[in-house]
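Residues per chain are reported as follows:
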Amino acid sequence: MLDPGHNPNNRDHTAEISRHVDIGTDEKECDTTGTATDAGYSEASFTLDVARHARALLEARGATVKFTQDGDRAFGPCVDERARIGNSAHADAVVSVHADGAPAGDRGFHVILPKSVRGGDADTSKIAAPSRRLGERVRGEFMDATHSEPADYIGDGSGLNVRGDLGGLNLSTVPKVFIECGNMRDSKDAAELTDPKWRERAALGIAQGITDFLNG
Ligand SMILES: [Zn+2]
């Protein structure tokens, strides 16, 4: 399962995406518009492009690949539904593709792992360990494919960050990670994120990381 973060149409549906949904441990906005580069290249466009390239690579290797959204919805899906789509599909692995909106000057990528949390419908105690294995493989292959550095502003240089506040992770019952491929708000990172060739390498890293995980 690939989960392209946000949705290019979210900006036209701000009322719908700002309603709150139950993420088990808390309530969060249904979805957000995501960030963009100074020149206006949106995170939502980036995530779809990278996810589509990764899908092509994985399908060529024989994987069955599903998306939470493929630019085919008016908005969203909401973060709780994004998790449930992966759960219903009994996905072997889910990667949610994003790019960050950190301050200019902050650079690099990081993979977000689910913290072990319980509350309401959220229980990540069983997926925390396999998600870490998935995330570590995605991190390694993403570095090899893109030659990007782990983020210099989060995760102490490990390229990994554990969070318990994301609905898309908290409600998942299958191994799942997010990847923030770079910082759209930094001009040097943005130059990479807006380069179609770089995005193909990013997709290759993600696809290879998933492949490694599925191959054990
Ligand atoms: Zn995002």
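Calculation notes
Residues numbered from 1 in each chain as written. Predicted model: local features only at pLDDT ≥ 70, side-chain atom pairs only at ≥ 80, totals over all residues. Heavy atoms only, no water. Salt bridge = Lys/Arg side-chain N within 4 Å of Asp/Glu carboxyl O. Helix = DSSP H or I, 4+ residues; strand = E, 2+ residues; numbered from the N terminus. Buried < 20%, exposed > 50% of the residue type's maximum accessible area, 1.4 Å probe, protein only. Core = buried A, V, L, I, M, F, W, Y, C linked by side-chain atoms within 4.5 Å. Contact = heavy atoms within 4.5 Å. Donors = N, O, S within 2.8 Å, 3.2 Å for Na, K, Ca; no water.

Participant: How should the pattern of salt bridges be read in this particular structure?
Facilitator: Close approach of charged atoms lets side chains of opposite charge pair. Overall, the coordinates contain 16 salt bridges when judged by the stated rule. Of the charged contacts, one joins Arg 84 and Asp 80 as a salt bridge, the two residues approaching to 3.3 Å between their closest N and O atoms. Separated by four residues within a single helix, Arg 84 and Asp 80 lie in helix α3 (residues 79–88), roughly one turn from each other. A relative accessible area of 15% places Asp 80 in the buried class. With its nearest N and O atoms 2.8 Å apart, the salt bridge here joins Arg 107 to Asp 189. Of the two residues, Arg 107 sits in the loop between β4 (94–100) and β5 (110–114) while Asp 189 sits in helix α6 (residues 187–193), which places them 82 residues apart along the sequence. Its relative accessible area of 29% is what places Arg 107 among the partly exposed residues.

Participant: Just to check I follow, could you spell out the nonpolar core for this structure?
Facilitator: Grouped burial of nonpolar side chains is what soluble globular proteins tend to show. Formed by 32 residues in total, the largest nonpolar core has its most connected members in Leu 2, Phe 46, Val 95, Ile 179, Cys 181 and Ile 206. Of all elements in the fold, only α2 (43–60), β4, β5, α4 (128–146), β9 (176–183) and α7 (196–214) reach the threshold of two or more residues within this core. Counting residues per element, this core draws most heavily on α7, at seven residues. Setting aside chain neighbours within four positions, we find Phe 46 in contact with Tyr 41, Val 97, His 98, Ala 99, Cys 181, Met 184, Leu 193, Trp 198 and Arg 199.

Participant: Teacher, can you tell me more about the coordination of the zinc ion here?
Facilitator: Ideal coordination angles are 109.5 degrees for a metal with four donors arranged tetrahedrally and 90 or 180 degrees for a metal with six donors arranged octahedrally. Donor atoms from the polypeptide that bind the zinc ion are His 6 (NE2), Glu 43 (OE) and His 98 (ND1), placed at 2.0 to 2.1 Å. All donors of the zinc ion belong to a single chain; written as a sequence motif, their spacing is H-x36-E-x54-H. In this pair, Glu 43 is assigned in helix α2 and His 98 in strand β4, connecting sequence segments 55 residues apart. Note on accessibility: Glu 43 and His 98 belong to one class, buried.

Participant: Explain the side chain of His 110 here, please?
Facilitator: In this structure, His 110 sits in strand β5. Those residues in contact with His 110, other than ones at most four positions away along the chain, are Asp 100, Ala 151, Tyr 153, Ile 154, Gly 159, Leu 160, Asn 161, Phe 178, Ile 179 and Glu 180.

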